[in-house]
Amino acid sequence: SVYYKKVAGDAIESNDRSRIVENCEGNPLAIRLMVEALIAGGSISGAIEMQSEVVEFSYDLLVESLGQESKNVLEALFVSSSPKSRGELCMLLSSDLDKISEGIQGLHKTSLCVRHNGDDIEKYGLTDSVRSLLLRSPADQQIRENVQNHNRAVQISARREEEKEA
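The sections below set out a description of the structure shown in this document.

## Topic: unusual backbone geometry
At Ser94, a position not held by glycine, the phi torsion is positive, near 50°. Along the chain, the position of Ser94 falls in the loop between α6 (86-93) and α7 (97-108). Classification of Ser94 by relative accessible area gives exposed; the value is 63%.

## Some details on the pairing of strand β2 (residues 121-125)
The pairing of strand β1 (residues 114-118) with β2 spans five bridges and is antiparallel. Directly across from His116, in β2, lies its bridge partner Lys123. Following β1, the chain reverses through two residues before pairing antiparallel with β2; Asp119 in that reversal takes a positive phi of roughly 50°.

## Thoughts on the packing of aromatic side chains
Applying the stated criterion across every chain, the model contains zero aromatic pairs. It is Arg144 that lies over the ring of Phe78; its NZ or CZ is 3.9 Å from the centre.

## A short note on the packing of helix α5 (residues 68-79) against helix α8 (residues 128-136)
Close contact between α5 and α8 brings their axes to 10 Å; oriented N to C, the two are set at 100°. Judged by the angle between their axes, α5 and α8 are roughly perpendicular. Residues Leu74, Glu75, Leu77 and Phe78 of α5 form the contact with α8, whose own contacting residues are Arg131, Leu134 and Leu135. When the residues that make up the contact of α5 with α8 are grouped by side-chain class, the tally is five nonpolar, no polar and two charged.

Calculation criteria
- Residues numbered from 1 in each chain as written.
- Predicted model: local features only at pLDDT ≥ 70, side-chain atom pairs only at ≥ 80, totals over all residues.
- Heavy atoms only, no water.
- Helix = DSSP H or I, 4+ residues; strand = E, 2+ residues; numbered from the N terminus.
- Buried < 20%, exposed > 50% of the residue type's maximum accessible area, 1.4 Å probe, protein only.
- Pairing = 2+ DSSP bridges.
- Phe/Tyr/Trp six-rings, centres within 6.5 Å; stacked < 30°, edge-to-face > 60°.
- Lys NZ or Arg CZ within 6 Å of the ring centre and 35° of its normal.
- Axes fitted to C-alpha atoms, helices over the stretch in contact; angles between N-to-C directions.
- Parallel < 35°, antiparallel > 145°, perpendicular 65-115°, else oblique.
- Contact = heavy atoms within 4.5 Å.
- Nonpolar A, V, L, I, M, F, W, Y, C, P; charged D, E, K, R; others polar.

So, in structure tokens, the structure goes:
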């Protein structure tokens, strides 16, 4: 809004301001480009489409810069429906704690992973916006498929155990 006022001389409407920030997912570059597109006479819908491409491009560059362990953790968190502890990530990825810790450390340098503290244990998850980006553009498709297959095998095994007990 301040940038828009400075450049265009008019205040942007409050509801439009909210739409811009929401659609740009807080990305300062995307917000600036969207405001500049509006100043140049573009429509909000056209600017939203443009910013979506900027966010995806920025995301792709960020994911490409990650180490393999961080990509593995990212995919395991994507496949999971709830936040996971380091131990749970070890099981999901059939990996050791050092590699999981390395992956988490790499993700903490970014905004791709969020930490949840509770019950004396740290768990890690994804925001809805990161989950949405991963849905469109996986960090590592092979790892995703491996984790999905592992989850299916665990679920089948658990069902068989339940049937034996019944």
